[in-house]
Amino acid sequence: MRTEPTVERVTAAAEGDVVVFLVGMRVNRWRAVRHWLPTLVAMPRMLKELSADPDSGLLGYRMLSAGPRAPMVVQYWESREKLLAYASASDKRHRPARAAFNRRARGSGGNMGVWHEMYLVPAGSYETLYGGMPPVGLGAAYGTEPVRRRGERAAERLGAPTARPA
């Protein structure tokens with residue numbers, strides 16, 4: 001992945017609908033390592049598995065943190081069908097990791113938690129702009145193109161009419 005900033009203003013080259021999946025965990029009790037550590041190490045393994053398979057549907061991801069006890073991942077997917085197929089596939093890492101988490105969670109007393117959110121964003125309902133940045137977010141997942149191809153203003157890139165100053 002390119003890490004040098006792009007000098008020109010660019011926008012994500014995404015076409016059509018976009019699937020954004022957020023997933024994270026929260027350590028509620030640091031001393032309960034046996035409850036949270038397996039979940040913490042499972043995510044990088046799943047991301048490695050997905051990244052190695054170009055047909056998986058995962059277009060890109062970014063690891064983030066919502067604080068020292070709350071890691072999270074933003075993922076961009078080709079389709080909701082591919083995301084749901086991965087989540088339920090018996091021959092992939094997610095399903096056994098989820099089953100193991102559920103077993104640990106029943107007896108954890110709230111020592112840790114997990115969460116996820118999936119957003120199905122219709123075409124025309126997202127807008128991106130990157131200037132002086134290496135590819136990030138949708139731009140890293142879909143690639144970028146010069147902003148002039150989609151419109152100079154956010155409203156144009158969203159397909160909305162714009163009022164030009166006189």
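Residues numbered from 1 in each chain as written. Predicted model: local features only at pLDDT ≥ 70, side-chain atom pairs only at ≥ 80, totals over all residues. Heavy atoms only, no water.

(A) Highlighting the overall build of the protein chain. Within the protein chain, the regular secondary structure consists of 5 helices and 6 strands. Listing the helices and strands of the protein chain from first to last along the sequence gives β-β-α-β-β-α-α-β-α-β-α. Expressed as a percentage of its 166 residues, the buried residues of the protein chain come to 35%. Counting only contacts in the protein chain whose residues sit at least 6 apart along the sequence, the fraction spanning at least 24 positions is 73%. Just so you have it, the protein chain exposes about 10,100 Å², and 55% of that area is on carbon and sulfur atoms. (Helix = DSSP H or I, 4+ residues; strand = E, 2+ residues; numbered from the N terminus. Buried < 20%, exposed > 50% of the residue type's maximum accessible area, 1.4 Å probe, protein only. Contact = heavy atoms within 4.5 Å. Areas by Shrake-Rupley, 256 points an atom, 1.4 Å probe, with all protein chains shown as cover.)

(B) The environment of Leu83, seen in detail. Structurally, Leu83 is set in helix H2 (residues 80-88). Leu83 sits in the buried class, given a relative accessible area of 6%. For the pair Leu83 and Gly57, spaced 26 residues apart in sequence, the C-alpha separation works out to 6.8 Å. Ignoring anything within four residues of it in the chain, the contact list for Leu83 reads Val19, Phe21, Trp77 and Met118.

(C) Geometry of the side chain of Thr6. Checked against the element boundaries, Thr6 lands in the segment before strand S1 (10-12). Once you skip the residues sitting within four places of it in the chain, Thr6 turns out to touch Gly131, Gly132, Met133 and Pro134.

(D) Spatial organisation of the packing of aromatic side chains. For the structure shown, the criterion picks out 2 aromatic pairs. With a centroid separation of 5.5 Å and an interplanar angle of 90°, the aromatic rings of Trp30 and Trp36 are classed as edge-to-face. Judged by its relative accessible area of 43%, Trp30 is partly exposed. Centre to centre, the rings of Trp77 and Tyr86 are 6.4 Å apart; their planes meet at 35°, and the pair counts as tilted. (Phe/Tyr/Trp six-rings, centres within 6.5 Å; stacked < 30°, edge-to-face > 60°.)

(E) Structural detail: the pattern of salt bridges. Going through the model one piece at a time under the given rule, you end up with 7 salt bridges. In this structure, Lys82 engages Glu78 in a salt bridge whose closest nitrogen and oxygen atoms are separated by 3.1 Å. Among the residues examined, Lys82 registers a relative accessible area of 27% and is labelled partly exposed. Using a relative accessible area of 42% as the deciding quantity, one classes Glu78 as partly exposed. In the salt-bridge network here, residues are joined through shared partners; they are Glu15, Glu145 and Arg150. (Salt bridge = Lys/Arg side-chain N within 4 Å of Asp/Glu carboxyl O.)

(F) Region of the structure containing the sheet that holds strand S5 (residues 112-121). Read across the sheet, 4 strands follow the order S3-S4-S2-S5 without closing on themselves; strand pairing throughout is antiparallel. At either end of the open sheet lies a strand with only one pairing partner, and these are strand S3 (58-65) and S5. For this sheet, the mean angle separating the axes of adjacent strands, direction not counted, is 15°. Bridge analysis of strand S2 (residues 18-27) against strand S4 (residues 71-77) gives 6 bridges, and the strand direction is antiparallel. Along S4, the bridge assignment pairs Val19 with Trp77. H2 contacts S2, S4 and S5 of the sheet and is inclined by roughly 155° relative to S5. (Pairing = 2+ DSSP bridges. Axes fitted to C-alpha atoms, helices over the stretch in contact; angles between N-to-C directions.)

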